[in-house]
Amino acid sequence: MRHKIRTKAVAAGIFGVALSITACGGGSGTSMGGATNPGNTDPAPQSPPRPASQPLSDTLAEAVRYSEGVAGIGPAFRYERPTQNDLDTATQLGNIEYRSGRWRDMQGRDGSSTGEEILKFIQSFLRQTVHQAGSGDDLYITDFGEQKTLRISNKIRENERKEILKSLQNINMALPYEQRILLGEDLSEFTEQDEVPEGEIHIHITSGKEGWPDEVEPEQVNDIILGIGGSQSRNLTVIGGYVLMDRNAVEQVRSPARWEFVITHELLHAYGINAHVDSTDYPDSVLVPRLDQEITEVPRLFVTLDGELLLALQSLSPGTPISGLTLDDFDQWEEDGFHLLGTMKMAGIDDSIVEFGAGFRNGFAKPWVTGPIATTPLSRNPEFAEKETATWRGSLLGFTRQGRTTTGDTMIRINFQNWKGLAEFTQIETWQKMTHPGTRGDGVIWNDGDLSYAIQTYTGQGIDGFISTATDSGDPGSVTGIFTGNRHEGVAGILEHPDLSAAFGGVRGEPE
């Protein structure tokens, strides 16, 4: 049997019941966010106390991407965000230049789309469901519900856990902060699909399909079911979900990208997307019913129609049949966003800069940063030898959850004795919604004006970075950053807070 990975035979597309199951053959199985029976009132399993959830920073290290000697976080690369020449309004503050303006990539490579494009994408779920199940009458918009906690089986392998964390990060960066999936304690026992506690998503990876639902069968003779995902709902609200994957099936073609694709697909089903997209019209979507092509890289959802879908579904009224959606339902949809961009030149390096910024569109901010990869590991930088600490200073630039432009000062300090440190953001102030930053000191102080996070360094894929660490006290949110420049002359990162989403950049002073 040839395994080109015919990823997705939706063997058991059970829509309109309390437990929605979507099986995917030959590749990854998942379900579509927001389609279920509006008359569903089945009770959920009794929930024990929620496990302690770890901060998002536990997965943010998986967010760093690389391209031609440059590292970035978020929509940091060409066509994903504007360049300096794309934004007309500019001011200079010391060695930092701020730019702002409205922008979108006309080919949609930044993830932007028109209301018509989103409508057609959602309608493709209806066509695919009719093709697979014979009817799409039970496809409705649902509410994703309260923030969920992902719990992973402690029986999985390390490489499998890595791909789960990458998938989790991929999804989270396309979701508003309060809708992101938290990471909870590992599971010590196998959970039946209808016994997942409310507020949780469980993921198990099995060798074979023991414990899987009996009704999961391949749609075609040559299909290989790689995984299934499903969600529980009550009164149009998703209350929990689960993912099952068969490592024996996935590993017939050994590819980390295939693992990540399948997991991402199934997690989206567990999140509440209980259908598949029409693969003829949207072959690059993560939600295709079958995976017939080779996968070398999983699309970053925050720059795809899949990510736009997650955002659009937040704004549609639960109970609306997908067959009844019209362009009027998207009359407030913004096609282009308002963007902020900061640029800092790193001292002693010709034409080498740190760039950081954020775009705000349809109520959602997407921060990003980029900078040149260091040629030497942080631990081997001779400038740090016999020194105790180094400090990077710069600026913060982003938006509040309401879209108010935000600026502030940034300080990153690393202790070379334990490779831990501190990220501090001070003099944080806001300006009118989606406007160019004004004169520093003339804005409205945001909350108490400062945030502080303990951080630790990490090394991965040839670059050094830092992430915030869990503490019993301190400010909520998370920080993820990278060191940039040949000798770590710069830092760049993103700050995610319940009321603030921003990017920051800084340059290093003399080690102390």
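Further up the page is the structure itself.
Report follows, based on the coordinates. (Residues numbered from 1 in each chain as written. Predicted model: local features only at pLDDT ≥ 70, side-chain atom pairs only at ≥ 80, totals over all residues. Heavy atoms only, no water.)

### A closer look at the packing of helix α3 (residues 158–172) against helix α5 (residues 256–271)
It is at 8 Å that the axes of α3 and α5 come closest, and there the two elements cross at 55 degrees. What the angle tells us is that α3 and α5 run oblique. Both α3 and α5 take part in a crossing whose hand is right-handed. Across the interface between the two elements, Asn159, Glu160, Glu163, Ile164, Lys166, Ser167, Leu168, Asn170 and Ile171 from α3 touch Pro256, Trp259, Glu260, Ile263, Thr264, Leu267 and Leu268 from α5. The residue inventory of the contact of α3 with α5, partitioned by class, reads eight nonpolar, four polar and four charged. (Axes fitted to C-alpha atoms, helices over the stretch in contact; angles between N-to-C directions. Helix = DSSP H or I, 4+ residues; strand = E, 2+ residues; numbered from the N terminus. Parallel < 35°, antiparallel > 145°, perpendicular 65-115°, else oblique. Left-handed = near helix turned anticlockwise from the far one by under 90°. Contact = heavy atoms within 4.5 Å. Nonpolar A, V, L, I, M, F, W, Y, C, P; charged D, E, K, R; others polar.)

### Quick word on the packing of aromatic side chains
In this description, a pair of aromatic rings is defined by centroid distance and the angle of the planes. For the structure on display, the rule yields 13 aromatic pairs. With 6.4 Å between their ring centres and 75 degrees between their planes, Phe338 and Phe399 make a pair best called edge-to-face. With Phe338 in strand β11 (residues 337–345) and Phe399 in strand β14 (residues 389–400), this residue pair connects regions lying 61 residues apart in the sequence. Grouping residues by exposure puts Phe338 and Phe399 together as buried. (Phe/Tyr/Trp six-rings, centres within 6.5 Å; stacked < 30°, edge-to-face > 60°. Buried < 20%, exposed > 50% of the residue type's maximum accessible area, 1.4 Å probe, protein only.)

### Examining the pairing of strand β5 (residues 96–103)
Put simply, side chains in a regular strand alternate between the two faces of the sheet. Of all the eight residues making up β5, seven are buried; the element is thus mostly covered by neighbouring parts of the structure. As judged from the five bridges shared by strand β4 (residues 89–93) and β5, these two strands associate in the antiparallel manner. Of the residues in β5, the one forming a bridge with Ala90 is Arg99. Adjacent in sequence and paired antiparallel, β4 and β5 are bridged by two residues, among which Gly94 carries a positive phi angle near 65 degrees. Inspection of the sheet shows β5 paired to β11 by eight bridges, in the antiparallel sense. From the neighbouring strand, Ile96 faces β11, where its bridge partner is Met344. (Pairing = 2+ DSSP bridges.)

### Section: the sheet that holds β11
The seven strands lie next to each other as β2-β3-β13-β12-β11-β5-β4, forming an open sheet whose pairing is antiparallel. Looking at which strands have only one partner, the edges of the open sheet turn out to be β2 (64–67) and β4. Direction aside, neighbouring strands of the sheet carry axes that sit 20 degrees apart on average.

### Side note on α5
Here α5 contains 16 residues, and its C-alpha end-to-end distance of 22 Å stays within 8% of the 22 Å for a straight helix at 1.5 Å per residue. Where burial is concerned, most of α5 is hidden: 15 out of the 16 residues are buried. Just past α5, the residue Gly272 takes up positive phi, approximately 140 degrees. (Expected span 1.5 Å × (residues − 1).)

### Topic: the pattern of salt bridges
Opposite charge on two side chains makes pairing possible when the charged atoms of those side chains draw close. Across all of its chains, the model carries 24 salt bridges by this definition. Across the salt bridge formed by Arg102 and Glu334, the nearest N and O atoms sit 3.8 Å from each other. With Arg102 in strand β5 and Glu334 in the loop between α6 (305–315) and β11, this residue pair connects regions lying 232 residues apart in the sequence. By relative accessible area, Arg102 is classed as partly exposed at 40%. Through salt bridges with shared partners, a single ionic network connects Glu163, Lys166, Glu260 and Arg300. (Salt bridge = Lys/Arg side-chain N within 4 Å of Asp/Glu carboxyl O.)

### Focus on unusual backbone geometry
With phi around 75 degrees, Tyr79 is a residue other than glycine that occupies positive phi space. You can see Tyr79 is positioned in the loop between β3 (70–73) and β4. Look at Asn235: it is not a glycine, yet its phi comes out positive at around 50 degrees. Inspection of the secondary structure puts Asn235 in the loop between β9 (225–234) and β10 (237–246).

### Quick notes on helix α2 (residues 115–133)
Taking 1.5 Å per residue as the helical rise, α2 with its 19 residues ought to reach 27 Å, and the 27 Å between its terminal C-alpha atoms agrees with that figure. Considered for burial, the residues of α2 that qualify are Gly115, Ile118, Leu119, Phe121, Ile122, Ser124, Phe125, Leu126, Gln128 and Thr129.

### Focus: the environment of Leu325
When you line up the elements, Leu325 lands in the loop between α6 and β11. Taking C-alpha positions, Leu325 is 9.8 Å from Tyr140, a pair spaced 185 residues apart along the chain. Contact partners of Leu325, with chain neighbours within four places excluded, come to Leu119, Ile122, Gln123, Ile141, Leu316 and Thr320.

### Points about the side chain of Glu429
The topology assignment puts Glu429 in strand β16 (residues 420–433). What makes Glu429 buried here is its relative accessible area of 2%. A distance of 2.8 Å separates the side chain of Glu429 from the backbone nitrogen of Gly441, its partner in a polar contact. (Polar contact = N/O pair within 3.5 Å; in protein donor to acceptor, adjacent residues only side chain to side chain.)

### Overview of the nonpolar core
The biggest cluster of nonpolar side chains holds 90 residues, and the ones touching the most others in it are Ile122, Leu150 and Leu310. Residue contributions to this core peak at nine residues, all from α5. Counting residues in each nonpolar core, the second largest holds 23 residues, with Ile414, Ala423, Tyr453 and Leu500 among its members. (Core = buried A, V, L, I, M, F, W, Y, C linked by side-chain atoms within 4.5 Å.)

### What about the side chain of Ser124?
By secondary structure assignment, the location of Ser124 is in helix α2. If we skip the residues at most four places from it in the chain, Ser124 touches His276, Val277, Asp278 and Tyr282.

### Structural notes on the environment of Ala492
By the secondary structure assignment, Ala492 is in strand β21 (residues 490–497). Here the alpha-carbon distance between Ala492 and Trp368, two residues 124 residues apart in the chain, equals 8.9 Å. Sequence-distant contacts of Ala492, defined by excluding residues within four places in its chain, comprise Val354, Val369, Thr480, Gly481, Ile482, Phe504 and Gly505.

Purely geometric stuff here, so don't read any function into it on its own.
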